[in-house]
Amino acid sequence: MKMNNIIEISDLTVSFKGEGYLLTAVDNLSLSVIHGETLAIIGESGSGKSVLGLAILRLLPDTAAISGSIIFQTQDILTLSEGMMEKIRGGKIAWIPQNPKLGFNPSMKIWKQVSEPIVLHTDSSWSEAKKQAIRLLRQYSIVPPEKWAEEYPVAYSGGMLQRAMLAMGTSTIPSVLIADEPTKGIDAINKKDVIEMFNTQKERGITQIIITHDLDFASEVADRIAVMYCGQIVELTSVERFFTTPLHPYSVGLVNSLPQRGLSPIPGTSPAMHEKQAGCRFKSRCSLCSRVCSEEIPLFPVGYDNVRCIQYHNRNWAW
Ligand SMILES: Nc1ncnc2c1ncn2[C@@H]1O[C@H](COP(=O)(O)OP(=O)(O)OP(=O)(O)O)[C@@H](O)[C@H]1O
Ligand code: NI
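Identification of the protein chain as Nickel import system ATP-binding protein NikD from Methanospirillum hungatei JF-1 is taken from an unreviewed UniProt entry. Taken directly from UniProt, the Subunit (unreviewed entry) text for the protein chain runs: "The complex is composed of two ATP-binding proteins (NikD and NikE), two transmembrane proteins (NikB and NikC) and a solute-binding protein (NikA)." Note on the protein chain: under the UniProt heading Subcellular location (unreviewed entry), the record states "Cell membrane".

If you want it as structure tokens, here you go:
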């Protein structure tokens, strides 16, 4: 484990057995998360982003077959006991689920839910934790917090629930926060707040992994971007390089489909996840594809240009 890494994922594979097929949602994926960074994981629907996040928290159902390793600080998360995992979950690694409604218990007051991780993971009493919860709600613009603390989730709007979820997720100052689609269903005005919150969390030293479809949001909060396609990372790069010089043809397609770049969509659709692919997975949609792309599996070199593309690495033209 390199000193400045907080999480090192090696050869992680997650698959689900269907009737007569095996769906590999995350395919031999390796990724290091650097202490204190905000890493955005982007890629289209079904590419394995949430499964990756859930694997780190060990929240996948028993039907998932998992191999590889996920080293967090010094321990392999995949080999820890459930008891150890409960201490990590919500304490050292917080998870903000995709749908904040599902993250709250509908029959418990908000203050109690925001306080719960504090009581479980520190030696605060419930009354101290409640005070802390009210401070957090205020910090996340839920005002007046004393009133909203006494409400049940049903009284909250979607944006407020999302903010309350962030207050709850960061109440014990986790080392790592993993958020799944934090801007989903949030309007432009509230999105500014969400951006500010993630940037505040970054200043508090929290390492963040943000799963998102929202490239504008990623550009505002992320330090690095990991682009996923069909269960694999196809490019890992800094946020600046991603938006100025994307290298993988899929990344180029994503950047060109932004409104400010003329909204040109990537042709075609991604292959079905349960179909075994020969060669490059992006080949059917790629304008640079040649025979070699159907025959060879592009590797993911770890170095300056983390790009999973044979054409890129064989380039003899200006890329
Ligand atoms: N519990 C499960 N059982 C079977 N298949 C699953 C399960 N969870 C996810 N999958 C499959 O794994 C693949 C990856 O799913 P995942 O939810 O990680 O995609 P995603 O990138 O998060 O997509 P989205 O952007 O739509 O949230 C999909 O094909 C999905 O159908
Ligand atoms: Ni998802």
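Q: Could you clarify how one ought to interpret the site of ligand 1 in this entry?
A: Around ligand 1, a shell composed of 15 residues is seen, among which Ala 25, Ser 45, Lys 49, Ser 50 and Val 51 lie nearest. Secondary structure elements with two or more residues in the shell around ligand 1: β2 (21–34) and α1 (49–57). Residue composition of the shell around ligand 1, grouped by class: 6 nonpolar, 8 polar and 1 charged.

Q: I would appreciate a short explanation of the sheet that holds strand β5 (residues 75–76) in the present structure.
A: Strands pair in a sheet through their backbones, by hydrogen bonds, and they do so in one of two ways: parallel or antiparallel. Pairing in this open sheet of 4 strands is antiparallel, and the strands run β2-β1-β4-β5 from one edge to the other. Because the sheet does not close on itself, it has two edges, and the strands there are β2 and β5. Judged from the 8 bridges that link them, strand β1 (residues 5–18) and strand β4 (residues 64–72) form a sheet pairing that is antiparallel. Counterpart to Thr 13 in the pairing with β4 is Ser 67. Along the sheet, α1 makes contact with β1, β2 and β4, crossing β2 at roughly 70°.

Q: When you look at the nonpolar core in this model, what are you seeing that I'm missing?
A: Note that soluble globular proteins tend to have their nonpolar side chains buried in a common cluster. By size, the foremost hydrophobic cluster in this structure holds 84 residues, and its most contacted members are Ile 41, Ala 55, Val 114, Leu 137, Ala 164, Ala 226 and Val 227. The element that contributes the greatest number of residues to this core is helix α7 (residues 158–169), accounting for 7 residues. Excluding residues within four positions of it along the chain, Val 114 makes contact with Ala 133, Leu 136, Leu 137, Ala 164, Ala 167, Met 168 and Ser 171.

Q: Can you walk me through the UniProt feature "domain: ABC transporter" (unreviewed entry) in the protein chain in this structure?
A: UniProt's entry tags residues 7–255 with the feature "domain: ABC transporter" (unreviewed entry), counted in the numbering of this structure. As a span, residues 7–255 carries 40% helix and 28% strand, and end to end its C-alpha atoms are 28 Å apart.

Q: Looking at this structure, how should I read unusual backbone geometry?
A: For residues other than glycine, phi is negative in most cases, and the peptide bonds are mostly trans. Here Val 143 and Pro 144 are connected by a cis peptide whose omega angle stands at -10°. Within the secondary structure, Pro 144 sits in the loop between α5 (126–139) and α6 (145–149). The phi torsion at Ile 173 lies on the positive side, around 45°, for a residue other than glycine. Take Ile 173: it is sitting in the loop between α7 and β7 (176–180). One non-glycine residue, Glu 181, lies in the positive phi region at around 50°. Looking at the secondary structure, you find Glu 181 in the loop between β7 and α8 (188–203).

Q: What exactly am I supposed to notice about the sheet that holds β7 here?
A: In space, the 7 strands of this open sheet follow the order β6-β7-β8-β3-β9-β10-β11, with mixed pairing throughout. Edge strands, defined here as strands with exactly one partner in the open sheet, are β6 (93–96) and β11 (306–307). Judged from the 5 bridges that link them, β7 and strand β8 (residues 207–211) form a sheet pairing that is parallel. Each bridged residue has a counterpart across the sheet, and for Ala 179 the counterpart in β8 is Ile 210. On top of the sheet, α1 reaches β3 (38–42), β6, β7, β8 and β9 (224–229); it is set at about 145° to β7, its chief contact. The strands that α8 touches are β3, β7 and β8; relative to β8, the one it contacts most, it runs at about 150°.

Q: Where do I start with the pairing of β8 in this structure?
A: Within β8, 5 of the 5 residues are buried, which leaves it mostly tucked inside the rest of the structure. A two-sided burial pattern is seen for β8, the buried positions comprising Thr 207, Ile 209 and Ile 211 on one face and Gln 208 and Ile 210 on the other. The pairing of β3 with β8 spans 4 bridges and is classified as parallel. Within β8, the residue paired with Thr 38 across the bridge is Gln 208. Handedness of the crossover joining β7 and β8 through α8: right-handed.

Q: Is there a simple way to explain the packing of helix α4 (residues 110–121) against α7 in this structure?
A: How two helices pack is summed up by the angle between their axes together with the distance between the axes. In contact at an axis separation of 8 Å, α4 and α7 are set at 30° when each is read in the N-to-C sense. By the angle between their directions, the pair α4 and α7 is classed as roughly parallel. Of α7, the residues touching α4 (which contributes Ile 110, Gln 113, Val 114 and Pro 117) are Ala 164, Ala 167 and Met 168. Here the residues of the contact of α4 with α7 are counted per class, giving 6 nonpolar, 1 polar and no charged.

Calculation notes
Residues numbered from 1 in each chain as written. Chains lettered and ligands numbered in written order. Predicted model: local features only at pLDDT ≥ 70, side-chain atom pairs only at ≥ 80, totals over all residues. UniProt positions renumbered as here; feature names shortened; annotations may be inferred. Near = placed C-beta within 6 Å. Helix = DSSP H or I, 4+ residues; strand = E, 2+ residues; numbered from the N terminus. Nonpolar A, V, L, I, M, F, W, Y, C, P; charged D, E, K, R; others polar. Pairing = 2+ DSSP bridges. Contact = placed C-beta atoms within 7 Å. Axes fitted to C-alpha atoms, helices over the stretch in contact; angles between N-to-C directions. Core = buried A, V, L, I, M, F, W, Y, C linked by C-beta atoms within 7 Å. Buried ≥ 20, exposed ≤ 12 C-beta atoms within 10 Å, placed from the backbone. Right-handed = clockwise from strand over helix to strand, strands pointing away. Parallel < 35°, antiparallel > 145°, perpendicular 65-115°, else oblique.

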